[in-house]
Amino acid sequence: MDITPKAPIQTQVDTDLARRFPPRFLWGAATASYQIEGAVHEDGRGSSIWDDFSATPGKVFEGHTGEVAADHYHRVEEDTDLMVRLGLSAYRFSIAWPRIVPEGRGAINPAGLDFYDRLVDTLLEKGIQPFATLYHWDLPSPLERAGGWLNRETAYAFADYTEIVARRLGDRVASWITLNEPWCSAYLGYGIGVHAPGRTDRQGAIDAAHHLLLGHGLAVPRLRAQVPAGTPVGITLIVNPVYGADERAETARDVKLAHAFSNAWFLDPIYRGSYPEGFFEAMALNPPPIQEGDLEIISAPLDFLGVNNYSRTLIRGAQEQPLADSCQAVAPIPNACYTDMGWEIYPHGLRDLLVNVARDYPVGNIYVTENGAAFPDTWDGGETINDPRRVSYLRSYLTACAEALEQGVPLRGYFVWSLMDNFEWAEGYAKRFGIVYVDYSTQRRIIKESGYWYAELLNAFNNNN
Ligand code: NCW
């Protein structure tokens, strides 16, 4: 039976695209706690680095904060009903550490656990698999005051928090993701300070990355000890494919550097138990404080890799060898199209990176845990919002996924970023990634044309399988 909501406007149903995905492929949407929940002072939640950062003048666009966000904390029924209307088989959300352990370490806040318990039960009642991310950037403020991810102790605190969550939800969460995009936490947060906590110390980024990775590695066995055998555990990385703009030797050299900085910095320790050769020298920095056994802990076997991808980097080699984080990206690229984030639309990049990652690393299964686009949507009070550019973005990137599958990549599912418009970190509410529009003045949700398109694609998939 076709229960898909009918679009108020005609969207073209991509039956041929749906047919290219195998039975049991998971179709989802993703969000993150600080970006959608709001209710930052409720039910015993502690403060996070994003509360502090967004309260600091000049850090976030027009002083926006996640204080109310999309008010999801009070709208679990409505939002999970939306997921049902869209036909999602999985939903990826993140758990706010400061709701569970308000001080970061020590006392547990039962009301925080209750919230996610109810979310997970509601998802299961509605036939949606819960994919839980344990850390999507909202570090408890007291831990930051003790050094945050620069302090090795934070890694142990993360593993303790993980065990607390897994003990309560482990019997029902379908799949676990330890960290979301540790590259962003380390480099944007500690290296260049455009994200919380806003520190600007390139060496700090290297050290923070190591402690994030250590936290991940320590958390994996703690999770496995609490969840039923066979429950998949993984990590989500941003993977940004790097290409050369020409055939020069300098370009090939800089592509390698930029790839080490963007991807191998995290992929190598996790899957090979070592940092990329020459990486710290290429940053003109010192190695992080690695203790004996750290890399064994970090390279604990995983069940899947979560890939977040939006764009690519195109490099033109410099005369003098640059630092790994200052390779020359071509921007703007002539004739290229960009989203509202200024990120180039390059769907082949997703296909290439999936093929390359599956070839170069023993990743097991792969999920695309985020992919999507920000465009400046406006609502005229009508039944939907026309966002044809988001529809064509999603169609082209899903075609890239189909191509990767056809090349043998063990891709098991795809999560669009994002279920709904939300607090886009330093960009505040100015950038909209949702397939559902949020009218922040009323908190009304309106399914965009892209949401109807996605629902119809999923319906076509279900009719085939
Ligand atoms: S900012 C970012 N995002 C967006 C965010 O909403 C989500 O929470 C993240 O997982 C969409 O997906 C991720 N990623 C940062 C990408 C790199 C930006 C590079 C800036 C260089 C200065």
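What follows covers the confidence of the model for the chain. With 98% of its residues at a pLDDT of 70 or more, the chain has an overall mean of 97. This prediction of the complex comes with two scores: 0.97 for pTM and 0.94 for ipTM.

Below, the discussion takes up the nonpolar core. Trp176, Trp265 and Tyr454 are the most contacted members of the largest nonpolar core, which totals 161 residues. Among the elements that line this core, the one with the most residues is helix α11 (residues 249-272), at eleven residues.

Looking at the element boundaries, asparagine 109 is found in the loop between α5 (97-100) and α6 (110-125). Engagement of the side chain of asparagine 109 in a polar contact is seen with the backbone oxygen of aspartate 43, the distance being 2.8 Å. A distance of 2.9 Å separates a polar side-chain atom of asparagine 109 from the backbone oxygen of arginine 99. Every residue in contact with asparagine 109, bar those within four places of it in the chain, is listed here: Asp43, Gly44, Arg45, Arg99, Ile100 and Pro102.

Right, let's talk about the site of the ligand for a bit. Lining the immediate environment of the ligand, one finds 14 residues, of which Gln35, His136, Tyr310, Glu370 and Glu424 sit closest. Between the ligand and glutamine 35, the relevant distance is 2.8 Å, taken from an oxygen atom to a side-chain nitrogen or oxygen of the residue. The contact in question runs from an oxygen atom of the ligand to an N or O atom on the side chain of asparagine 180, over 3.1 Å. Considering the ligand on its own, with 540 Å² of exposed area, one finds that the protein chains cover 79% of that surface. The class makeup of the residues in the shell around the ligand is seven nonpolar, four polar and three charged.

If you trace the eight strands once around the closed barrel, you get β1-β2-β3-β4-β5-β7-β9-β10, paired in parallel fashion. Ignoring strand direction, the axes of neighbouring strands in this sheet form an average angle of 25°. Inspection of the sheet shows strand β4 (residues 175-180) paired to strand β5 (residues 233-238) by three bridges, in the parallel sense. Directly across from isoleucine 177, in β5, lies its bridge partner glycine 234. Contacts from helix α10 (residues 202-224) reach β3 (129-135), β4 and β5 within the one sheet, and its direction differs from that of β4 by about 165°.

Counting buried positions over the five residues of strand β7 (residues 304-308) gives five, a clear majority of the element. Here β7 shows no split at all, with Phe304, Gly306 and Asn308 on one side and Leu305 and Val307 on the other all buried. Sheet analysis places β5 next to β7, joined by five bridges and oriented parallel. Looking at the pairing, isoleucine 238 lines up with asparagine 308 of β7. In this structure, β7 lies alongside strand β9 (residues 365-371), joined through five bridges in parallel fashion. Bridge assignment links leucine 305 to a residue of β9, and that residue is isoleucine 366.

Parameters and conventions
- Residues numbered from 1 in each chain as written.
- Predicted model: local features only at pLDDT ≥ 70, side-chain atom pairs only at ≥ 80, totals over all residues.
- Heavy atoms only, no water.
- pLDDT = per-residue confidence, 0-100.
- Core = buried A, V, L, I, M, F, W, Y, C linked by side-chain atoms within 4.5 Å.
- Buried < 20%, exposed > 50% of the residue type's maximum accessible area, 1.4 Å probe, protein only.
- Helix = DSSP H or I, 4+ residues; strand = E, 2+ residues; numbered from the N terminus.
- Polar contact = N/O pair within 3.5 Å; in protein donor to acceptor, adjacent residues only side chain to side chain.
- Contact = heavy atoms within 4.5 Å.
- Near = heavy atom within 4 Å.
- Areas by Shrake-Rupley, 256 points an atom, 1.4 Å probe, with all protein chains shown as cover.
- Nonpolar A, V, L, I, M, F, W, Y, C, P; charged D, E, K, R; others polar.
- Pairing = 2+ DSSP bridges.
- Axes fitted to C-alpha atoms, helices over the stretch in contact; angles between N-to-C directions.

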